[in-house]
Amino acid sequence: MVQGVGFRYYCYRTATELGINGYAKNLYNGDVEIEAEGNVSEMNEFIKQIQIGPKFSKINSTSVVRMQYEGEYKEFSIL
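Described below are features of the structure shown in this document. (Residues numbered from 1 in each chain as written. Predicted model: local features only at pLDDT ≥ 70, side-chain atom pairs only at ≥ 80, totals over all residues. Heavy atoms only, no water.)

### Points about the packing of helix α1 (residues 7-18) against helix α2 (residues 40-52)
The relative placement of two packed helices is expressed as an angle between their axes plus a distance between the axes. To be explicit about the condition: Angles shown run from 0 to 180 degrees and are taken between the N-to-C directions of axes, each axis being a line fitted to C-alpha atoms and, for helices, limited to the stretch in contact. Strands are runs of DSSP state E lasting at least 2 residues, helices are runs of H or I lasting at least 4, and numbering of each runs from the N terminus. Oblique is the label for every angle not falling under 35 degrees (roughly parallel), over 145 degrees (roughly antiparallel), or within 65 to 115 degrees (roughly perpendicular). By convention the crossing between two helices is left-handed if the near helix lies anticlockwise of the far one by an angle smaller than a right angle, and right-handed if it lies clockwise. Throughout, a residue-residue contact means that at least one pair of heavy atoms, one from each residue, lies within 4.5 Å. In this classification, Asp, Glu, Lys and Arg are treated as charged, Ala, Val, Leu, Ile, Met, Phe, Trp, Tyr, Cys and Pro as nonpolar, and every other residue, Gly included, as polar.
The interhelical angle for the contact between α1 and α2, taken along N-to-C directions, is 155°, at an axis separation of 10 Å. As the angle between them shows, α1 and α2 are arranged roughly antiparallel. In this structure, the crossing between α1 and α2 has a hand that is right-handed. Contacts between α1 and α2 involve Phe7, Tyr10, Cys11, Thr14, Ala15 and Leu18 from the first element and Glu42, Glu45, Phe46, Gln49 and Ile50 from the second. Looking at side-chain class alone, the contact of α1 with α2 contains seven nonpolar, two polar and two charged residues.

### Details of the pairing of strand β2 (residues 32-37)
The cut-off we apply is this: Here the rule is simple: two strands pair whenever DSSP picks up at least two bridges between them.
Pairing analysis gives six bridges linking strand β1 (residues 21-26) to β2, with the strands arranged antiparallel. Opposite asparagine 21, over in β2, you have glutamate 37 as the bridge partner. Between β1 and β2, which pair antiparallel and follow one another directly, the connecting turn spans five residues, one of which, glycine 30, has a positive phi of 95°.

### Remarks on α2
Put simply, the test is: The span expected for a helix works out to 1.5 Å for each residue beyond the first. The buried label goes to any residue with under 20% of its type's maximum accessible area, the exposed label to any with over 50%, and the partly exposed label to all in between, with areas taken from a 1.4 Å probe on protein chains only. The reported arc concerns the directions from the helix axis to the C-beta atoms and nothing else.
Compared with an ideal rise of 1.5 Å per residue, which puts 13 residues at 18 Å, α2 spans 19 Å between its outermost C-alpha atoms and is within 8% of the ideal. Buried within α2 are the following residues: Met43, Phe46, Ile47 and Ile50. For α2, the buried positions fall inside an angular range of 100° around the axis, keeping them on one side. Elements in contact with the buried residues of α2: α1, β2 and β3 (76-78). Glycine 53 lies just past α2 and shows a positive phi near 80°.

What follows is the structure, given as C-alpha coordinates:
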(Lines give C-alpha, C1' and ligand atoms only; values in the text may rest on other atoms or scores of the structure.)
Protein backbone atom coordinates (compact mmCIF):
# COMPACT_ATOMS: atom_id res chain seq x y z
CA MET A 1 0.00 0.00 0.00
CA VAL A 2 1.49 3.29 -1.08
CA GLN A 3 -0.04 6.67 -0.34
CA GLY A 4 1.44 10.15 -0.80
CA VAL A 5 5.16 9.33 -0.92
CA GLY A 6 5.79 9.71 -4.67
CA PHE A 7 6.37 5.99 -5.16
CA ARG A 8 5.32 5.82 -8.82
CA TYR A 9 7.54 8.80 -9.66
CA TYR A 10 10.37 7.09 -7.77
CA CYS A 11 9.79 3.98 -9.91
CA TYR A 12 9.81 6.13 -13.06
CA ARG A 13 13.02 7.95 -12.12
CA THR A 14 14.80 4.74 -11.09
CA ALA A 15 13.67 2.89 -14.23
CA THR A 16 14.73 5.74 -16.49
CA GLU A 17 18.18 5.91 -14.89
CA LEU A 18 18.64 2.16 -15.38
CA GLY A 19 17.17 1.91 -18.89
CA ILE A 20 14.17 -0.13 -17.73
CA ASN A 21 10.89 0.03 -19.68
CA GLY A 22 7.37 -0.69 -18.45
CA TYR A 23 4.89 1.01 -16.13
CA ALA A 24 3.83 1.68 -12.54
CA LYS A 25 0.18 2.14 -11.62
CA ASN A 26 -1.92 2.43 -8.49
CA LEU A 27 -4.37 -0.37 -7.83
CA TYR A 28 -7.76 0.12 -6.20
CA ASN A 29 -6.60 -1.53 -2.96
CA GLY A 30 -3.74 1.00 -2.53
CA ASP A 31 -0.98 -1.27 -3.85
CA VAL A 32 1.23 -0.32 -6.77
CA GLU A 33 1.62 -2.67 -9.74
CA ILE A 34 4.86 -2.47 -11.68
CA GLU A 35 5.54 -4.27 -14.93
CA ALA A 36 9.10 -3.78 -16.07
CA GLU A 37 11.53 -5.22 -18.58
CA GLY A 38 15.21 -4.84 -19.30
CA ASN A 39 18.46 -6.75 -19.07
CA VAL A 40 19.08 -8.94 -16.03
CA SER A 41 21.64 -6.81 -14.18
CA GLU A 42 19.60 -3.61 -14.51
CA MET A 43 16.40 -5.42 -13.54
CA ASN A 44 18.09 -6.80 -10.43
CA GLU A 45 19.19 -3.29 -9.44
CA PHE A 46 15.71 -1.91 -10.21
CA ILE A 47 14.08 -4.51 -7.96
CA LYS A 48 16.60 -3.76 -5.21
CA GLN A 49 15.89 -0.02 -5.40
CA ILE A 50 12.11 -0.52 -5.50
CA GLN A 51 12.29 -2.69 -2.39
CA ILE A 52 14.09 0.19 -0.62
CA GLY A 53 11.67 2.83 -1.93
CA PRO A 54 11.80 6.61 -1.80
CA LYS A 55 12.67 8.64 1.29
CA PHE A 56 9.83 8.66 3.84
CA SER A 57 8.35 5.43 2.48
CA LYS A 58 8.05 2.10 4.22
CA ILE A 59 7.93 -0.99 2.01
CA ASN A 60 6.31 -3.84 3.92
CA SER A 61 6.39 -6.45 1.18
CA THR A 62 7.02 -6.98 -2.50
CA SER A 63 6.22 -9.76 -4.89
CA VAL A 64 8.39 -10.37 -7.94
CA VAL A 65 7.32 -12.57 -10.83
CA ARG A 66 10.04 -13.12 -13.42
CA MET A 67 8.83 -13.68 -16.96
CA GLN A 68 10.30 -14.09 -20.42
CA TYR A 69 11.49 -10.78 -21.90
CA GLU A 70 9.09 -9.70 -24.66
CA GLY A 71 10.30 -6.19 -25.60
CA GLU A 72 6.74 -4.92 -25.21
CA TYR A 73 7.58 -1.47 -23.82
CA LYS A 74 9.56 1.39 -25.36
CA GLU A 75 9.71 3.56 -22.22
CA PHE A 76 8.67 3.61 -18.57
CA SER A 77 5.30 5.23 -17.84
CA ILE A 78 3.26 6.23 -14.83
CA LEU A 79 -0.33 5.10 -15.36
